[in-house]
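# Summary of structural features
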There are 2 protein chains.
Amino acid sequence: MAYSVKTSSTNFQNKTHLKEFCSIFKALDFIGGRWKVNILAYLFEHDSLRFKELKRLLEGISERMLSAKLKELESDGLITKETFPEVPPRVEYKLTEFGRTLRPVLESLNEWGKATNSSK
Amino acid sequence: MAYSVKTSSTNFQNKTHLKEFCSIFKALDFIGGRWKVNILAYLFEHDSLRFKELKRLLEGISERMLSAKLKELESDGLITKETFPEVPPRVEYKLTEFGRTLRPVLESLNEWGKATNSSK
DNA sequence: CTGTATCCGAGCGGATACTG
DNA sequence: CAGTATCCGCTCGGATACAG
């Protein structure tokens, strides 16, 4: 993880400015993997979801994965987790303002993906 | 690989339109992994590079990986491979028109990545 | 309901040696 | 120069059982 772009200093002609693409790997870490995009997509549409609701929506995800990915998204500042001291416990996940800024980016990725219509 | 978005039909209130985000996974397959973005970035700047040149630019990549990723990018239609029947052999890789359409998308991802400035 | 703990198989990607 | 062949460790993610 944490792919890095070497700040190369090869003596290659026409030295590139690859360093400027560094942040792509940060972005890909935020949305990479099997589930994060889906979780975010559901949160774009629901603005508040509980653990169980997400589990149901994301058909097939294990609790282990859901828990892990929510934790990552939270520590990345994309979502917030609010725990209500009830019995049984209730926990709600929402996008942060910052999380919402990801939406147009994902949509442009999605638009580009549509254009591929490859046989894959 | 080939993450899929189940065309769910849960009876969840306010059914989402997640299906519309399907193509993101196609896009992520095209640019995912440790090296593809870097290869593309160099091709954005050089418009023609040989195997050895790419290997030198992508410091640390093994020939195995470079070969594999170039093959994938070619079969995805993002780059072309031209072999010159010389001794020693010469092979040049270029972006296709379609490959170039990826540039603005990567740039928007990159811009978003910059905004994170997390401690990761 | 909302998680954590453990185990495990599959695949990505690195290292090295070899070939046309 | 431009790859292919082999081997191998590591991480991702699935399955299942258990806990607060």
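Residues numbered from 1 in each chain as written. Chains lettered and ligands numbered in written order. Predicted model: local features only at pLDDT ≥ 70, side-chain atom pairs only at ≥ 80, totals over all residues. Heavy atoms only, no water.

### A short note on the protein's contact with DNA strand D
For the record, the criterion: Definition of nearness: a residue and a molecule or strand are near each other if at least one heavy atom of the residue lies within 4 Å of the molecule or strand. Counted as a polar contact is a pair of N or O atoms within 3.5 Å, where, for protein atoms, one must be capable of donating a hydrogen and the other of accepting one, and residues adjacent in sequence contribute only when both atoms are in side chains. Under the scheme used here, helices are H or I runs from DSSP no shorter than 4 residues and strands are E runs no shorter than 2 residues, and both carry numbers assigned from the N terminus. Each residue is assigned to one class: nonpolar for Ala, Val, Leu, Ile, Met, Phe, Trp, Tyr, Cys and Pro, charged for Asp, Glu, Lys and Arg, and polar for all the others, Gly among them.
Close contacts around DNA strand D come from 21 residues, with Arg34 and Arg64 of chain A together with Glu63, Ser67 and Tyr93 of chain B the closest. Here DNA strand D approaches the protein such that, of its atoms within 4 Å, sugar and phosphate make up 60%. Taking Glu63 of chain B, its side chain carries an N or O atom lying 2.7 Å from a base oxygen of DNA strand D. Elements represented by at least two residues in the surface near DNA strand D include exactly helix H4 (63-75) of chain A together with helix H3 (51-57), helix H4 (63-75) and strand S3 (90-95) of chain B. In terms of residue count, H4 of chain B provides more of the surface near DNA strand D than any other element does, four residues in total. Tallied by class, residues from the surface near DNA strand D come to nine nonpolar, two polar and 10 charged.

### Considerations on the protein's contact with DNA strand C
Around DNA strand C, a shell composed of 20 residues is seen, among which Glu63, Ser67, Lys71 and Tyr93 of chain A together with Arg64 of chain B lie nearest. Looking at DNA strand C alone, sugar and phosphate atoms form 58% of those within 4 Å of the protein. In this structure, a phosphate oxygen belonging to DNA strand C sits 2.9 Å away from a side-chain N or O atom of Lys81 of chain A. One of the backbone nitrogen or oxygen atoms of Pro89 of chain A is found 3.3 Å away from a sugar or linking oxygen of DNA strand C. Put simply, the parts of the chain that give the surface near DNA strand C at least two residues each are helix H3 (51-57), H4 and strand S3 (90-95) of chain A together with H4 of chain B.

### Quick notes on the pairing of S3 of chain A
All names here are of chain A. To keep things clear, this is the line we draw: In short, DSSP must find at least two bridges between two strands for them to pair.
Summarising the sheet, strand S1 (residues 49-50) and S3 pair through two bridges and their orientation is antiparallel. Bridged to Leu49 within S3 is Tyr93. Judged from the six bridges that link them, strand S2 (residues 79-84) and S3 form a sheet pairing that is antiparallel. From the neighbouring strand, Lys81 faces S3, where its bridge partner is Tyr93.

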